[in-house]
Amino acid sequence: MKGEAGRSERLFRAAVSAFCSLTRPSRRDIKQLEVLVLPLFDTVSVEARRFAAAALSECADAPGALIRRLSNEAVDIAAPLLIRSKVLRDIDLIALIGRHGVPHARAIARRADLNPAIADLVWALENPKLVRLPLPKERQAQVEAASRAQILNDGNPEPVPGISADNARRRLRSMMVPVQTTPVATTEQSAGSLRYAKLRDMALTGNPAFFQTALADAGQIDFPTAKSITEKANYPELIAVLHSLELSEEQAFLIAACVYPGKFADPESIRLFLYSYRNMQPDAARQSVKTLKAGSSSTPVSLQTVTRSAAG
């Protein structure tokens, strides 16, 4: 067994080294590395994975599935990719923060070309208990430049204060559009991750009815109640439902930012949301949802029904 493990280790390292030596790898080269290395992934040592992450961090054409697999390792392995890899898109970075929290977020914050919206989220996660401090001049200039670029891209002739709801929703949706779907075995997905994925995907459609139906299904509340929650000016009831579903604070924030995009245009508003979510007690969340259910009287609406209605 030791000899077999040694052969796997040598093949793994040799394949990665050979790929990194290529100036312009072809699609065949990229696919070949993926086919050779991924089956060996679980059999090689931590040192081999760390070597692969460091070596591939500078390769713009590295296989996406392999890069994402390495990026989901512990941060001491994944850090070079989190900081430098151009293969990782905004959707991947958000997913990594949602899955691994602050350790991965700190590494991602060191990226030279980090999306300002992700940078603000990382800042808020790093400073949950601090009173909002003025942003550094370079960061402020970056935020203002991104806002001007967004206005130009959207074709708005006049700047608007802050970030409009539509602009924020478009930014979030563009960040989350899958560039390449990574197949994940269904047996490895928890019910909680499936619920989150459904809520996230429906929120990102920009169609309130889709998200309201998904929220009703996940929280086992009726559709009118879910609709009422999302149409209110404040989000305490949404926090309670998401908390009762045991979503992480990063996952809950992404959903809330889709539902209430105009409320999270600066780090302070993000900090306040995360503070409220983090400090809600599980019993209080369950009681709030129980109260919502007690006031429900209508039959929940199926997602298929709402989809057909919206399509018509």
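Residues numbered from 1 in each chain as written. Predicted model: local features only at pLDDT ≥ 70, side-chain atom pairs only at ≥ 80, totals over all residues. Heavy atoms only, no water.

**Notes on the overall build of the protein**
Step number 1: Of regular secondary structure, the protein possesses 18 helices and 0 strands.
Step number 2: Relative to all contacts within the protein whose residues are 6 or more apart in sequence, the contacts with residues 24 or more apart total 68%.
Step number 3: With an accessible surface of roughly 16,800 Å², the protein has 54% of that area assigned to carbon and sulfur atoms. (Helix = DSSP H or I, 4+ residues; strand = E, 2+ residues; numbered from the N terminus. Contact = heavy atoms within 4.5 Å. Areas by Shrake-Rupley, 256 points an atom, 1.4 Å probe, with all protein chains shown as cover.)

**With respect to the packing of helix H2 (residues 27-37) against helix H4 (residues 64-71)**
Step number 1: Relative to each other, H2 and H4 sit at 45°, their axes nearing to 9 Å. Considering the angle they form, H2 stands oblique to H4. Listed contacts from H4 to Leu33, Glu34 and Val37 of H2 are Gly64, Ala65 and Leu66.
Step number 2: Split into classes, the residues belonging to the contact of H2 with H4 amount to 4 nonpolar, 1 polar and 1 charged. (Axes fitted to C-alpha atoms, helices over the stretch in contact; angles between N-to-C directions. Parallel < 35°, antiparallel > 145°, perpendicular 65-115°, else oblique. Nonpolar A, V, L, I, M, F, W, Y, C, P; charged D, E, K, R; others polar.)

**Quick look at the nonpolar core**
Step number 1: Formed by 79 residues in total, the largest nonpolar core has its most connected members in Leu56 and Phe273.
Step number 2: The greatest single-element share of this core, amounting to 8 residues, is contributed by helix H15 (residues 249-259).
Step number 3: The contacts of phenylalanine 273, once residues within four sequence positions are left out, are Tyr235, Ile239, Glu249, Ala252, Phe253, Ala256 and Phe264. (Core = buried A, V, L, I, M, F, W, Y, C linked by side-chain atoms within 4.5 Å. Buried < 20%, exposed > 50% of the residue type's maximum accessible area, 1.4 Å probe, protein only.)

**Looking at the pattern of salt bridges**
Step number 1: Evaluation of the coordinates by the stated rule reveals 13 salt bridges.
Step number 2: Note that aspartate 76 and arginine 50 form a salt bridge whose closest N and O atoms lie 2.8 Å from each other. Remark: arginine 50 occurs in helix H3 (residues 46-56) and aspartate 76 occurs in helix H5 (residues 75-84); sequence separation between them is 26 residues.
Step number 3: On the basis of relative accessibility, which here comes to 46%, the residue aspartate 76 falls in the partly exposed class. (Salt bridge = Lys/Arg side-chain N within 4 Å of Asp/Glu carboxyl O.)

**Details of the environment of histidine 243**
Step number 1: Mapping histidine 243 onto the fold places it in helix H14 (residues 236-244).
Step number 2: The class of histidine 243 is buried, set by a relative accessible area of 16%.
Step number 3: If near-sequence neighbours (up to four positions away) are discounted, histidine 243 is found in contact with Tyr277, Met280, Gln281, Pro282 and Ala285.

**Quick word on helix H12 (residues 208-219)**
Every α-helix carries 3.6 residues per turn, so stepping three or four residues along brings you back to the same face.
Step number 1: With 12 residues, H12 extends 16 Å between its outermost C-alpha atoms, agreeing within 8% with the 16 Å of an ideal straight helix rising 1.5 Å per residue.
Step number 2: Summarising burial for H12: 9 of the 12 residues are buried, a large majority.
Step number 3: Residues of H12 that are buried include every one of Phe210, Phe211, Gln212, Thr213, Ala214, Leu215, Ala216, Ala218 and Gly219, and no others.
Step number 4: Downstream of H12 by one or two residues, glutamine 220 has phi in the positive range, about 55°. (Expected span 1.5 Å × (residues − 1).)

**Digging into the packing of aromatic side chains**
Step number 1: Inspection of every chain in the model, using the stated rule, returns 5 aromatic pairs.
Step number 2: Taking the centre distance of 6.4 Å and the plane angle of 70° together, the rings of phenylalanine 12 and phenylalanine 41 count as edge-to-face. Taken together, the residues span a long stretch of sequence, with phenylalanine 12 in helix H1 (residues 2-20) and phenylalanine 41 in the loop between H2 and H3 at a distance of 29 residues.
Step number 3: By relative accessible area, phenylalanine 41 is classed as buried at 0%.
Step number 4: Plain terms: the ring middles of tyrosine 235 and tyrosine 260 are 6.0 Å apart, the flat faces sit at 55° to each other, and that makes the pair tilted. With tyrosine 235 in the loop between helix H13 (223-231) and H14 and tyrosine 260 in the loop between H15 and helix H16 (267-279), this pair connects stretches of sequence that are 25 residues apart. Like tyrosine 235, the residue tyrosine 260 is buried in the burial classification.
Step number 5: Here the aromatic cluster, defined as three or more aromatic residues joined through ring pairs, consists of Tyr235, Phe253, Tyr260, Phe273 and Tyr277. (Phe/Tyr/Trp six-rings, centres within 6.5 Å; stacked < 30°, edge-to-face > 60°.)

**Observations concerning unusual backbone geometry**
Step number 1: Not every positive phi belongs to a glycine, and glutamine 220 is a case in point at roughly 55°.
Step number 2: Relative to the assigned elements, glutamine 220 resides in the loop between H12 and H13.
Step number 3: By relative accessible area, glutamine 220 is classed as exposed at 61%.
Step number 4: Look at glutamate 246: it is not a glycine, yet its phi comes out positive at around 65°.

**What about the packing of helix H8 (residues 116-126) against H16?**
Step number 1: Taken N-terminus to C-terminus, the directions of H8 and H16 make an angle of 50°; their axes are 9 Å apart at the nearest point. Taken as axis vectors, H8 and H16 run oblique relative to one another. Both H8 and H16 take part in a crossing whose hand is right-handed. Each of Asp120, Leu121, Trp123, Ala124 and Leu125 in H8 lies in contact with H16, whose residues at this interface are Pro267, Ile270, Arg271 and Leu274.
Step number 2: Partitioning the contact of H8 with H16 into residue classes produces 7 nonpolar, no polar and 2 charged. (Left-handed = near helix turned anticlockwise from the far one by under 90°.)

**Here's the deal with the confidence of the model for the protein**
Step number 1: Here the protein averages 77 in pLDDT, and 72% of its residues register 70 or above.
Step number 2: pLDDT under 50 marks residues 177-189. Its contacts with residues more than four places away, or in other chains, come to 7 contacts.
Step number 3: Within the model, the stretch residues 297-312 combines pLDDT values under 50 with 22 contacts to residues more than four positions away or in other chains. (pLDDT = per-residue confidence, 0-100.)

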